[in-house]
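Secondary and tertiary structure notes
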Amino acid sequence: MADGLARILAKPGFDPDQFIAKLSSSGEDALLEMKTRVHILNDETAQALKKNVYKNYSQFIETAREISILEGEMYQLSHMLADQKSLMGSMMEMSLVSDKAYVHGLKGEEDVKVSPEEETRRNLAFLLEKVEGCSSVADVPGRQLVHDGDLVELDTETHSQIQRVHAFLLNDSLMIATWIPNRRGPMRYRFQGLYELDSLAVVNVRDTGPMKNGFQILMFPESHMYQTDTAKAKRQWLDALEDTKKKKAVRDKQKKEAAMRLAEQQLQAALASPGESDLSKSFHDDTEEPVAMDRDFLSVDWLQELPEDLDMYIAQRNFEDAVDLVEKVYDFLTECPKGPALKEFRARIEHRVKQLTDSLMNELQVSPERSLRGGPRAARRAVTQLIRLGKSAQACELFLRNRSAIIKYNIRQLKFEGATTLYIRCLCGVFFSSLSDTSKEFIKAFPGHYGCFSSFVIWSKQELESFVSIFKRQVFESKASLTTIADCVVLAKNHCEELSAIGLDMKFCLASLLDISVQNVIEETRDQLIEGIKYRCNDDQWRPMNHLSQADCEKYVSEIAVQGFDIKPYVYDKCFIATTMNSIQFAKNITIFAEDLLKLFTSDLEDVIANAIAEVYRSHLAHIESSLKSEKFRKEQTLILKNAQFLLEAVMGKIESLYTASDIHFPNQLQQLNAYYRKLKSMVSK
């Protein structure tokens, strides 16, 4: 019924006047029936609207989650696009280098016959003597120095100078070393990186404007631009690089062919003389086989293609497959016979492992231009792969540094809107929730690596110290009241206790960081209260309160009862109260003071808090004692004793109940004040 009415009302050409006129002609019953149908339709529409709202809200939540996940993916994609942009910009400037071969040697110098072993020894000795940290480079047998010289490294986009470097062209690789600014001894350079000739390409950069004598080296997936002093030096570098790459390609081809021939000869010899004597076998094993076996072992197709595969995975940011490949090759090489070929191949693999490690560490690096909204998933991905590569210490350090930057960023987004308590509530929420999230992510990222948990605890303490410095600046240095400060400290303590649920107890650290500031505030407030007591006591005339009417007196008694004081026993003559305004004001101040101090209570501040309350009490009791001794108030001694009884029994009882509610032992300093009333009574009896 309602569906039919809905279709009628939803027609494009619906005429309400005509519809009502037709309905009215049918009589009153039709109108009442239509009214009922309209009410039903209204209820159904409201229910349908409510269901759609709930449905859209749930879809909105799901969409928000998907956006959060996609945000991390877009973060990674932006870095890939930036890398591709840089590479495409370099290729636009690419031109072929000259095919002219460069012959290493000094012109006019007489040829001196030097053995290859002696030449290698001299070259490697030069590297070890001048370059710091290149011992692993010199360990590879057969490695020789072909050409070297000073270069200036430039920014690939702006062409601005980055640093001075010294390049060493070896017969199989290119080594870059930086200058040591304040050097001592023979070391002049510091090792920066080693790049295989197979994996680099040389690009001649045209001279444009201030950019002269430059060339670019593409070290997949990186690229570097260098500049020489003269055009002649640039041509020498281009020719030397091209010639050395060609020679290495020829040399590698010859080694491969020689290994294949040796393998064929060994196979033929084994088939021709199966009964070879043990002595012959022993001689064969000690001479030829150790040299050839490692090359045969490394001649597997997938192993030969592995360096290029690693380069591709690193460029594609496919870190999981890259680490899988590294683990696979390391397991495979453990069974390989030791020899020169194995050492050379390991050097190639370790160079790419270093590139992979640097790329993973770069995922966790914090820089101004990088967004901090990539989320913990991206960080956990890089951490997992670094741990698999045996870099758990570096991964832990970078992970925590990344989380520190996120916490600082979130805190900077907070706006101080004037209300100190409101800001501290937001600050505590942001900081402690970030600390809790970091703890959960750390457990997920470093499962079983218990050595890293000590670093996390130290990091948590350092972050807490940074939080406390902001907390102190906003709370203690803003000259806020003791009540506001106490509320802010309670907020921080409550949030800190929530961390205990995840096994991180920081309560004692927070208390130790705040105790000195809290103690200073307690002492300042105590001194202010004592000064206020002295000021009010000077004008105290010891007059009972007169409310003029019984109704007003009962109303005042009710108001004081709300604050925790029962003054009915002190009411007389219906409208008089035997407590002075000064006593009531002191009761309110000392109670609020005690409540605030108990919020700030720690075991280290227990005596400070008790002494502060006792000193304020003694200041007012000194006024009572001096009034009892004064001849001026001889007639008011009975009234003074009633006020003393009120303060030492009723008010002190209220403070004791505050201690009990806080589960804190009532201190001896305050218990001793109970005996003060007997002393005052004895003074009157005399």
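These figures come from a predicted structure and were not determined experimentally. (Residues numbered from 1 in each chain as written. Predicted model: local features only at pLDDT ≥ 70, side-chain atom pairs only at ≥ 80, totals over all residues. Heavy atoms only, no water.)

To continue, consider the overall build of the protein. A count of helical and extended segments in the protein gives 24 helices and 11 strands. Counting every position in the protein, which comprises 686 residues, the buried fraction comes to 39%. When contacts within the protein are restricted to residue pairs at least 6 apart in sequence, those whose partners lie at least 24 apart make up 68%. As displayed, the protein has an accessible area near 39,300 Å², and 53% of this comes from carbon and sulfur atoms. (Helix = DSSP H or I, 4+ residues; strand = E, 2+ residues; numbered from the N terminus. Buried < 20%, exposed > 50% of the residue type's maximum accessible area, 1.4 Å probe, protein only. Contact = heavy atoms within 4.5 Å. Areas by Shrake-Rupley, 256 points an atom, 1.4 Å probe, with all protein chains shown as cover.)

Right, let's talk about the nonpolar core for a bit. Judged by nonpolar contacts, the single largest core of 125 residues is most densely connected at Phe 446, Phe 471, Ile 613, Tyr 617 and Tyr 659. With 12 residues, helix H22 (residues 637-661) is the single largest residue contributor to this core. Other than its neighbours up to four places away in sequence, Ile 613 contacts Ile 590, Phe 593, Ala 594, Leu 597, Ile 655, Tyr 659 and Leu 670. If you look at the next biggest cluster of nonpolar residues, it comprises 19 residues, including Val 165, Ala 167, Leu 169 and Val 202. (Core = buried A, V, L, I, M, F, W, Y, C linked by side-chain atoms within 4.5 Å.)

The subject of this paragraph is the sheet that holds strand E11 (residues 576-577). An order of E9-E11-E10 is seen for the 3 strands of this open sheet, with the pairing classed as antiparallel. Strand pairing shows two members of the sheet lacking a second neighbour, strand E9 (545-546) and strand E10 (571-572), which therefore form its edges. Alignment of E9 against E11, held across 2 bridges, turns out to be antiparallel. Looking at the pairing, Met 545 lines up with Ile 577 of E11. (Pairing = 2+ DSSP bridges.)

The subject of this paragraph is the packing of helix H17 (residues 482-498) against helix H20 (residues 581-599). Running from N to C, H17 and H20 cross one another at 25 degrees; their axes reach a closest spacing of 8 Å. As summarised for this structure, H17 and H20 are arranged roughly parallel, according to the angle between their axes. The crossing of H17 and H20 is left-handed. Of the residues in H20, those touching H17 at Leu 482, Thr 483, Ala 486, Asp 487, Val 490 and Lys 493 are Ile 592, Phe 593, Asp 596, Leu 597 and Lys 599. Residues that form the contact of H17 with H20 fall into these classes: 6 nonpolar, 1 polar and 4 charged. (Axes fitted to C-alpha atoms, helices over the stretch in contact; angles between N-to-C directions. Parallel < 35°, antiparallel > 145°, perpendicular 65-115°, else oblique. Left-handed = near helix turned anticlockwise from the far one by under 90°. Nonpolar A, V, L, I, M, F, W, Y, C, P; charged D, E, K, R; others polar.)

Before going further, it helps to examine the packing of aromatic side chains. Scanning the model with the defined rule gives 19 aromatic pairs in all. On the basis of an interplanar angle of 85 degrees and a centroid distance of 5.3 Å, the ring pair of Phe 586 and Tyr 617 is categorised as edge-to-face. Pair noted here: Phe 586 is in helix H20 and Tyr 617 is in helix H21 (residues 606-629), with a separation of 31 residues, a long-range link. Considered together, Phe 586 and Tyr 617 belong to a single accessibility category, that of buried residues. Plain terms: the ring middles of Tyr 659 and Phe 666 are 5.5 Å apart, the flat faces sit at 85 degrees to each other, and that makes the pair edge-to-face. Residue class for Tyr 659 comes out buried when judged on its relative accessible area of 3%. Positioned above the aromatic ring of Trp 179 is the side chain of Arg 164, whose terminal nitrogen or guanidinium carbon lies 4.2 Å from the ring centre. (Phe/Tyr/Trp six-rings, centres within 6.5 Å; stacked < 30°, edge-to-face > 60°. Lys NZ or Arg CZ within 6 Å of the ring centre and 35° of its normal.)

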